[in-house]
Amino acid sequence: MSSDGAQQGGTGDGTAGGRTVRVVLVDDHRMFRTGVQAEIGETGRTGVEVAGEAADVDQAVTVITATRPEVVLLDVHLPGGGGVEVLRRCAAMSADAERPVRFLALSVSDAAEDVIGVIRGGARGYVTKTITGTDLVDAIFRVADGDAVFSPRLAGFVLDAFASTDAPPIDEDLDRLTQREREVLRLIARGYAYKEIAKQLFISVKTVESHVSAVLRKLQLSNRHELTRWAAARRLV
């Protein structure tokens, strides 16, 4: 999917509880950004001011540098290198003792490698896109205060990863797939229909079909049943 342009928003005068947290939204789907803005961006009600938006890595770094928000809502899979690349390029701002920019990953993916990757990259938390607007606002304020925030199911991934000094094993088969192909793979393996996947990932049914064909070809599998067994054997479901 093609990237959307970045936007820098204006300031809001309202606050919730006398406090405002400035946020930048980074996601390559404009419809999703619009939905998040509608859920959390009414500053007088939520206390959250959306200071800017970006759709890829370069735009994200530019907008974050220009606005210096307290919290960045960061998608994991972005054109230009992904959320980890944004974290790498914004590391100095994250480490600023006086005005730290903190990152909260907000992604459709609940894969262990995605969670662990961005946390190791410097994100303060990771929540999935099934989160409610109220819970997202709460997570934003907690991250702004320096807390670590995770969707309940994802916390275990982080604990397991950091309890061991061993690097995660490399799966050469999985590495052949793009990030989007991995997302489609997991949803297919969980029994989602093509239309449901298209809706969740904000892509067309035809694009889902193309991704599934690519996954089957790269993994040398014949059908979605074999794909499901392959994913289950690697605990990707």
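Above this text is the structure in question.
Each value, and the rule that gives it
- Residues numbered from 1 in each chain as written.
- Predicted model: local features only at pLDDT ≥ 70, side-chain atom pairs only at ≥ 80, totals over all residues.
- Heavy atoms only, no water.
- Helix = DSSP H or I, 4+ residues; strand = E, 2+ residues; numbered from the N terminus.
- Buried < 20%, exposed > 50% of the residue type's maximum accessible area, 1.4 Å probe, protein only.
- Contact = heavy atoms within 4.5 Å.
- Areas by Shrake-Rupley, 256 points an atom, 1.4 Å probe, with all protein chains shown as cover.
- Pairing = 2+ DSSP bridges.
- Axes fitted to C-alpha atoms, helices over the stretch in contact; angles between N-to-C directions.
- Parallel < 35°, antiparallel > 145°, perpendicular 65-115°, else oblique.
- Nonpolar A, V, L, I, M, F, W, Y, C, P; charged D, E, K, R; others polar.
- Phe/Tyr/Trp six-rings, centres within 6.5 Å; stacked < 30°, edge-to-face > 60°.
- Lys NZ or Arg CZ within 6 Å of the ring centre and 35° of its normal.
- Core = buried A, V, L, I, M, F, W, Y, C linked by side-chain atoms within 4.5 Å.

Peer 1: Just to check I follow, could you spell out the overall build of the chain for this structure?
Peer 2: Helices and strands together make up the secondary structure of the chain, namely 13 helices and seven strands. For the chain, with 237 residues in total, the buried portion stands at 46%. Of all intrachain contacts in the chain linking residues separated by at least 6 positions in sequence, the fraction that spans at least 24 positions is 69%. Summed over its atoms, the accessible surface of the chain is roughly 11800 Å², and 50% of this surface lies on carbon and sulfur atoms.

Peer 1: Can you walk me through the pairing of strand S6 (residues 125-128) in this structure?
Peer 2: A regular strand places its side chains on the two faces of the sheet in alternate fashion. Residues Gly-125 and Val-127 of S6 are buried on one face, and the alternating residues Tyr-126 and Thr-128, pointing to the opposite face, are buried as well. Relative to S6, strand S5 (residues 102-107) is paired through four bridges, and the arrangement is parallel. From the neighbouring strand, Leu-104 faces S6, where its bridge partner is Gly-125.

Peer 1: In this structure, what is going on with the packing of helix H10 (residues 179-189) against helix H12 (residues 205-219)? I would like to understand it.
Peer 2: Angle between the axes and distance between the axes: these two values describe a pair of packed helices. The geometry of H10 relative to H12 is characterised by a closest axis approach of 9 Å and an angle of 95° between their N-to-C directions. Classified by the angle between their axes, H10 and H12 sit roughly perpendicular to one another. Mapping the contact onto sequence places Arg-180, Glu-181, Val-184, Leu-185 and Ile-188 in H10 and Val-208, His-211, Val-212, Ala-214, Val-215 and Lys-218 in H12. Per-class residue counts for the contact of H10 with H12 are seven nonpolar, one polar and three charged.

Peer 1: What is the right way to read helix H3 (residues 57-67) from this model?
Peer 2: One full turn of an α-helix is made of 3.6 residues, so residues set three or four places apart face in the same direction. Listed as buried for H3 are Val-57, Gln-59, Ala-60, Val-61, Val-63, Ile-64 and Thr-67. At the exit of H3 stands Arg-68, carrying a positive phi of roughly 45°.

Peer 1: Help me understand the packing of aromatic side chains in this model?
Peer 2: Each aromatic ring pair is summarised here by two numbers: the centre-to-centre distance and the angle between the ring planes. Within the structure shown, the criterion is met by one aromatic pair. Lys-129 extends its terminal NZ or CZ atom over the ring of Phe-32, reaching a point 4.1 Å from the ring centre.

Peer 1: Whenever I open this one, the nonpolar core confuses me. Can you help?
Peer 2: In a soluble, globular protein the nonpolar side chains are often hidden away together inside. Val-26, Ile-64, Val-72, Leu-74, Val-86, Phe-103 and Val-118 are the most contacted members of the largest nonpolar core, which totals 25 residues. Every element with two or more residues in this core is listed here: strand S2 (21-26), H3, strand S4 (71-74), helix H4 (82-89), S5 and helix H6 (112-121). Not counting chain neighbours up to four residues away, the residues in contact with Leu-74 comprise Val-26, Gly-83, Val-86, Leu-87, Phe-103, Leu-104, Ala-105 and Leu-106. Grouped together as the second largest cluster of nonpolar side chains are 22 residues, Val-184, Ile-197, Leu-219 and Leu-236 included.

Peer 1: Before we go on, may I ask you to explain unusual backbone geometry in this structure?
Peer 2: Negative phi is the rule for most residues except glycine; trans is the rule for most peptide bonds. At Arg-68, a residue that is not glycine, the phi angle is positive and equals roughly 45°. Following the sequence through the fold, Arg-68 ends up in the loop between H3 and S4. The residue Phe-202 is not glycine, and still its phi comes out positive at about 60°. If you trace the backbone, Phe-202 turns up in the loop between helix H11 (194-201) and H12. The class for Phe-202 is partly exposed, based on a relative accessible area of 28%.

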